[in-house]
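So the chains spell out like this:
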Amino acid sequence: MTLIEELRNEADKLGNIVFLSDQNERNNVHHVHELDVEQKELEKHTSTVESVIERAKENAGLYACSEFIEAMKFIREHADEEWVRLRVRIKKKKPSGVLLADIDDATRPESEGSGERSVASALVKLVVDRC
């Protein structure tokens, strides 16, 4: 029997002792679960945006639908890289009468400011965080 096993056995006899490694394992499991939930939510919203990008060639009004706006807000708040990637796709594929600034304004989370300065700030933040 190892020293750790002996200590655990003695602790079991005393009751209510939690080893730091046990607590870390529980925290890590909880953290991984949160990441899985957020990742699934991100994938769902990304799929929504990708679908709108493809379908908006025929119906530009889809960029104004609440489902698209909420999806982009979520992505913008939780995944900078994904938001930039999707924004570039929108810019390339949107119909000519649809302004990217209007899409940015509509999909800006309440936690962000407004205007071109906020877009630039988000891009600078992404570069600084990654470089």
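(A) Spotlight on the overall build of the chain. Tallying secondary structure elements over the chain gives six helices and zero strands in all. Counting from the amino terminus, the chain carries its helices and strands in the arrangement α-α-α-α-α-α. Per-residue burial over the chain gives 31% buried out of 131 residues. Within the chain, residue pairs in contact and separated by at least 24 positions form 58% of the contacts whose partners lie at least 6 positions apart. Only carbon and sulfur atoms are counted for the fraction: they give 54% of the accessible area of the chain, which is about 9000 Å².

(B) Representation of the side chain of Thr-46 within the structure. The topology assignment puts Thr-46 in helix α2 (residues 20-55). Contact partners of Thr-46, with chain neighbours within four places excluded, come to Ile-75, Glu-82, Arg-85 and Leu-86.

(C) Spatial organisation of the pattern of salt bridges. Taken as a whole and assessed by the stated rule, the structure comprises nine salt bridges. Residues Lys-44 and Glu-41 are paired through a salt bridge, measuring 3.6 Å at the closest nitrogen-oxygen approach. With Lys-44 and Glu-41 both in helix α2 and three residues apart, this pair spans about one turn of that helix. For Arg-85, the salt bridge goes to Glu-50, with nearest N and O atoms at 2.7 Å. With Arg-85 in helix α4 (residues 80-93) and Glu-50 in helix α2, this pair connects stretches of sequence that are 35 residues apart. Each of Glu-50, Glu-54, Lys-57, Glu-82, Arg-85, Arg-89 and Lys-93 takes part in salt bridges that share partners, so that together they form one network.

(D) Broad picture of the confidence of the model for the chain. Averaged over all residues, the pLDDT of the chain is 80; the fraction at 70 or higher stands at 70%. Looking at the elements of the chain, mean pLDDT is at its lowest for helix α1 (residues 3-14), recorded as 68, and at its highest for α4, recorded as 94.

(E) Representation of the environment of Val-127 within the structure. Tracing the chain through its elements places Val-127 in helix α6 (residues 116-130). With 47 residues separating them in the primary sequence, Val-127 and Asp-80 have C-alpha atoms 9.9 Å apart.

(F) Up close: the nonpolar core. One finds Val-49, Tyr-63, Phe-68, Met-72 and Ile-90 to be the most contacted residues of the largest nonpolar core, which totals 23 residues. Of all the secondary structure elements, the ones that give two or more residues to this core are α2, α3 (66-78), α4, α5 (100-107) and α6. In terms of residue count, α3 provides more of this core than any other element does, six residues in total.

(G) Layout of the packing of α3 against α5. Running from N to C, α3 and α5 cross one another at 75°; their axes reach a closest spacing of 8 Å. Relative to α5, α3 is oriented roughly perpendicular. Contacts between α3 and α5 pair Phe-68, Ile-69, Met-72, Lys-73 and Arg-76 from the former with Ile-103, Asp-104, Ala-106 and Thr-107 from the latter. Of the residues in the contact of α3 with α5, the class split is five nonpolar, one polar and three charged.

(H) Examining the packing of aromatic side chains more closely. By the definition in use, this model includes one aromatic pair. Between the aromatic rings of Tyr-63 and Phe-68, the centroid separation amounts to 5.3 Å while the plane-to-plane angle is 75°, which identifies the pairing as edge-to-face. Comparing Tyr-63 with Phe-68, the two get one shared label, buried.

(I) Broad picture of the packing of α4 against α5. Where α4 contacts α5, the axes come no closer than 10 Å and their chain directions differ by 145°. Like other packed secondary-structure pairs, α4 and α5 cross with a definite hand, here right-handed. Where α4 abuts α5, its residues Trp-83, Arg-87, Ile-90 and Lys-91 lie against Leu-100, Ile-103 and Asp-104. Of the residues contributing to the contact of α4 with α5, the split by class is four nonpolar, no polar and three charged.

Conventions used here
Within every chain, residues take consecutive numbers counted from 1 along the sequence as written. This being a predicted model, a pLDDT of at least 70 is required before a residue's local features are given, and a value of 80 or more before pairs of side-chain atoms are given or counted; all residues contribute to the totals for chains, interfaces and linings. Derived side-chain values reflect all non-hydrogen atoms in the structure, with water molecules and hydrogen atoms excluded from consideration. Runs of E in the DSSP output that reach at least two residues are strands. Runs of H or I that reach at least four are helices, and both are numbered from the N terminus. Only protein chains enter the accessibility calculation, which uses a 1.4 Å probe. A residue is then buried if its area is under 20% of the maximum for its type, exposed if over 50%, and partly exposed in between. Contacts were defined at the residue level, with two residues in contact if any of their heavy atoms lie within 4.5 Å. All accessibility values rest on the Shrake-Rupley procedure with a 1.4 Å probe; residue burial counts only the protein chains present in the view. Any Lys or Arg side-chain nitrogen found within 4 Å of a carboxyl oxygen on Asp or Glu counts as a salt bridge. Confidence scores here are pLDDT values: one per residue, from the predictor, ranging 0 to 100. We call a set of buried residues a nonpolar core when its members are Ala, Val, Leu, Ile, Met, Phe, Trp, Tyr or Cys and they connect through side-chain atoms within 4.5 Å of each other. Every axis corresponds to a line fitted to the C-alpha atoms, with the helix fit spanning only the stretch in contact, and the corresponding angles, defined between N-to-C directions, vary from 0 to 180 degrees. In these notes the angle categories are as follows: under 35 degrees is roughly parallel, over 145 is roughly antiparallel, 65 to 115 is roughly perpendicular, and the rest is oblique. Three categories are distinguished: nonpolar for Ala, Val, Leu, Ile, Met, Phe, Trp, Tyr, Cys and Pro, charged for Asp, Glu, Lys and Arg, and polar for the others, with Gly belonging to the last. A pair of aromatic rings is counted whenever rings of Phe, Tyr or Trp (Trp by its six-membered ring) have centres within 6.5 Å, and the orientation is called stacked for planes under 30 degrees apart, edge-to-face for over 60 and tilted otherwise. The hand of a helix crossing depends on one turn: near helix anticlockwise from the far one by less than a right angle means left-handed, and clockwise means right-handed.

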